[in-house]
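Each chain, letter by letter, is given below.
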Amino acid sequence: MESSNPKENLDNRRNERGAALVISLLVSMILLVAGGALIQVTSMSAANAIDSTAETQAYYGAEAGLQAAVNALRRNDAPTASAMPTGMTGMNFRNAVLPNRSNDCPNGAGSNASLCSSTLCTGCARLTRWLPYSNTQAMNTRVTVGTNPTIQYEVIVSLPPGDTMPAAPADPGRLLVQSIGYGPSGSRKQMSMIVSRSAFDPAVPAMMTLIGTPAGAPPMSFESGNSANHVYSGVDNATGVATGLPAFGTTNAIDTAIAISNAASNTTSSPAAATLSSSSVPAYLQSPAAARTFLDQMQAAAIAGAAQTPRTATYLPNGGSGNPTGFTFVKGDYTMGSGSGSGIIIVTGELTTNGGTDFNGICLVIGAGYVNRNGGGGGAFYGANFIARVDWPAQSPALTAFGSPFFNFNGGGNATMQYDSTAVANALALLPAPVLGVSEY
């Protein structure tokens, strides 16, 4: 049996001295590096979280600016600044985009350089007359929407690229609103939106627009009354100026010939009737699908408006009668009584009017496309009228072409139907200006 030599074992292990220290140092280095990386990642995550929060808050500021601008453009906000210039009574798209009207100037004197900064009044339109900037009469100011933390915005209103300002006093059809939001730590967000002046295509191609069948087969049913006391005119009643609009606008030659033949018995402006090009017809009447979408949207808008306090629309789900005012949507038949009405009325069933019925605004009979006027009685319609026959709600399968419209005048007496640009503009203003699109840039 062999025995080990302790001295020999000790000599063999002398070369292993310090191994534990080296291993400890290596482990410590690894832990130190891992700990440092963890601390760095944690610090970066915290910084990223702070930056992300600040960026979100700046985004909220920019969004608040867009919403404030929309409220002003929809006339929900009264001017809070100094007196307005002579002849300026409130918000419209023209006043919003012209710097000397959009921006606040002392005593409303936007053109007086001694009273108002020339940079303010001839530079960007910023809606300082309507929005609560920290100083409505100075540039480089902002609207504060929160102080803990500080969140601010400023807006700039201009015409979209390619659009031109119409001659006074007409309003532009669209506006580009840019909003810059500011948050803590120097964060900044920029957003823009396009706002349309009208809730739907405002084109008026004729005093009465009748959407017919393709090629007039079958033709429209049209009787304007056998009396010279029935006046149909495309001359603008608001200005007395000839507009070139026909009294009756149709979509095919056969219906145009019918309108011309009937109008010969009436007092009618020139041209009495004309065949409309497809591009001149409002977008919502260029196809049955577009008309159905339009009716869906207007029904939804009427339901929403009727639920507001105070209500901004009237919705009649089962037809009705009366003298409509404001925005009225009728699902079914409607009878206008003797008296005055105004605004926008959409009737999806049959519209019947009495002899003494007066109306100022836009009348759209889309659905059944059926209008009966019973007697003259001195009744007058000023504005614009549209008649189209379409399946709404869509039948199965849905129609791909319009049906033939129906217009009939029963009886004699004085009666007037005439285009009126002011009545049309006032009617369109009843519906809130829609936002066509929003983007971040």
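Right above here is the structure, for reference.
Residues numbered from 1 in each chain as written. Predicted model: local features only at pLDDT ≥ 70, side-chain atom pairs only at ≥ 80, totals over all residues. Heavy atoms only, no water.

What the six strands build is an open sheet, ordered 6-20-18-16-14-12; its pairing is parallel. Each edge of the open sheet is held by one strand with a lone partner, namely strand 6 (221-223) and strand 12 (320-322). The average undirected angle you get between the axes of adjacent strands in this sheet is 15°. Looking at chain direction, strand 12 and strand 14 (residues 334-336) are connected through three bridges and run parallel. The partner of Gly 320 across the bridge, within strand 14, is Tyr 334. (Pairing = 2+ DSSP bridges. Helix = DSSP H or I, 4+ residues; strand = E, 2+ residues; numbered from the N terminus. Axes fitted to C-alpha atoms, helices over the stretch in contact; angles between N-to-C directions.)

Under the counting rule described, the total for this entry stands at six salt bridges. Of the charged contacts, one joins Glu 55 and Lys 189 as a salt bridge, the two residues approaching to 2.8 Å between their closest N and O atoms. Separated by 134 residues along the polypeptide, Glu 55 in helix 2 (residues 19-73) and Lys 189 in strand 4 (residues 188-196) bring together distant segments of the chain. For Lys 189, a relative accessible area of 13% puts it in the buried group. The closest approach of N and O atoms between Asp 163 and Arg 174, which form a salt bridge, is 3.0 Å. Placement of the pair is Asp 163 in the loop between strand 2 (150-158) and strand 3 (174-182) and Arg 174 in strand 3, with a sequence separation of 11 residues. Residue Arg 174 is classed as partly exposed on the basis of its relative accessible area, which comes to 32%. (Salt bridge = Lys/Arg side-chain N within 4 Å of Asp/Glu carboxyl O. Buried < 20%, exposed > 50% of the residue type's maximum accessible area, 1.4 Å probe, protein only.)

Spatial relationships are all this shows, so hold off on functional conclusions.
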